[in-house]
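Observations on the model geometry
Read off the chains here:
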Amino acid sequence: MYTIASFFAGVGGIDLGFEQTGGFKTIYANEFDSYAGETFELNFPQLKVDMRDVHIVPEQAVPGMDVIIGGFPCQAFSIAGYRKGFEDEKGRGELFFELVRMMEAKRPRAALFENVKNLVGHDNGNTFRVICEQLDLLGYHYSYQVLNAMEYGNMAQNRERIYIVAFRDKSDYEDFHWPEKIPLTKTVKDIIDFDAEQDEKYYYTEGKYKGDIYRLLVEATKYDEENNPAIYQWRRKYVRQNKSGVVPTLTANQGEGGHNVCIVKTKHGLRKMTPRECFNAQGFPGNFKLPEKQSDARLYKQAGNSVCVPVIRRIAEAMKTAMDTQTVENPQDGL
């Protein structure tokens, strides 16, 4: 069993994907957002999440691990943000260097990092170049891929993310192969319950919201086919239908209104996707627990900030295969 130290752990989506392989176990998790930390602990009861600011976490407080994982905060790199990268005034960009600090101190055998697709092109490639340089300086061998949840996770969500896999030993690196594309067999009906009636707070009704949102939604969804359900988005002044037949990329402010809310038409009316459905879209299993006392806004944020679990699982399986090969050939490596 390979051990994991998880940073920027969120609700544990990356951890879950790794643990689903049966070959990894998270022994340490750090997450500054106490609400996300609460959700993590609810689903990983054997762990007490370290909720300190990672800047003040001493290396000695983190146990030795085989793998370090982290979806380091992507706001500083996102095309939806201000494109400030490492110079982001809130310090989010330089949080990557905290991962570097831990890797330098602990020398884990492998690492997996996740971020927005735009990371590669940010600042004409300079941001990503710095990340690669840091891994080079640490002596790690690495590769990266942009994977879409539709193509690599069999999830009906259009979600492209960059994944960086790094290995301390060249032999592990040479035995690692990225997952291949797989057919998309799941549909939005596997994510969204079009039959059950939800709490009235999720529904759009005439007069409930300012302006003509409801009228525009009714007009836009007039031709919604029951056998070919579509996802709609309110784009501040108009309604957009997502014609790809999948859920558009979930965001951290999903469900709070504005231009990011996903809307579906059911026999009970027009409504937002529920927090549970957003977690479904990320591939979390039905038994993944959501804290009952947390607001929907916080749960939407946690879902949007998380990862597509099946994609992580497939990457973790490929990492395990590479590591197992070397462990068999060099048994002391697995001790």
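Residues numbered from 1 in each chain as written. Predicted model: local features only at pLDDT ≥ 70, side-chain atom pairs only at ≥ 80, totals over all residues. Heavy atoms only, no water.

**Considerations on the sheet that holds strand β2 (residues 24–30)**
Whenever strands of a sheet pair, they do so through backbone hydrogen bonds, lying parallel or antiparallel. Taken in spatial order, the six strands make up an open sheet running β2-β1-β3-β4-β6-β5, and their pairing is mixed. Lying at the two open borders of the sheet, with one neighbouring strand each, are β2 and β5 (141–148). Geometrically, the sheet is characterised by an average inter-axis angle of 20 degrees between neighbouring strands, direction not taken into account. Here four bridges tie strand β1 (residues 2–7) to strand β3 (residues 67–70), and the two strands are oriented parallel to one another. (Pairing = 2+ DSSP bridges. Helix = DSSP H or I, 4+ residues; strand = E, 2+ residues; numbered from the N terminus. Axes fitted to C-alpha atoms, helices over the stretch in contact; angles between N-to-C directions.)

**Focus on the packing of helix α3 (residues 96–106) against helix α4 (residues 126–138)**
Running from N to C, α3 and α4 point in directions that differ by 10 degrees, and their axes come no closer than 11 Å. One way to sum up the angle between α3 and α4 is to call them roughly parallel. Between α3 and α4, the residues in contact are F96, F97, V100, M103 and E104 and V130, I131, Q134, L135 and L138, respectively. The class makeup of the residues in the contact of α3 with α4 is eight nonpolar, one polar and one charged. (Parallel < 35°, antiparallel > 145°, perpendicular 65-115°, else oblique. Contact = heavy atoms within 4.5 Å. Nonpolar A, V, L, I, M, F, W, Y, C, P; charged D, E, K, R; others polar.)

**Topic: the pattern of salt bridges**
According to the stated counting rule, one finds 14 salt bridges in the structure shown. Across the pair E98 and R101 runs a salt bridge whose closest N-O atoms are separated by 2.7 Å. Highlighted residues: E98 and R101, both in helix α3, separated by three residues, approximately one helical turn. Summarising the burial analysis for this pair, E98 and R101 share the class buried. (Salt bridge = Lys/Arg side-chain N within 4 Å of Asp/Glu carboxyl O. Buried < 20%, exposed > 50% of the residue type's maximum accessible area, 1.4 Å probe, protein only.)

**What to know about helix α9 (residues 296–305)**
Regarding α9, the residues found buried are D296, L299, Y300, Q302, A303 and G304. Packed against the buried residues of α9 are α2 (34–43), β11 (269–272) and α8 (275–281).

**Details of the side chain of E41**
Relative to the elements of secondary structure, E41 occurs in helix α2. There is a polar contact of 2.9 Å between the side chain of E41 and the backbone nitrogen of V49. Apart from the residues lying within four places of it in its own chain, the contact partners of E41 are L47, K48, V49 and M51. (Polar contact = N/O pair within 3.5 Å; in protein donor to acceptor, adjacent residues only side chain to side chain.)

**Side note on the sheet that holds strand β7 (residues 203–204)**
The strand order across the open sheet built from five strands is β7-β11-β10-β8-β9, with neighbouring strands paired in antiparallel fashion. On the outer flanks of this sheet lie β7 and β9 (239–242), each paired with one strand and no other. Bridging between β7 and β11 involves two bridges; their strand directions are antiparallel. Its bridge partner lying in β11, Y204 is registered against L270.

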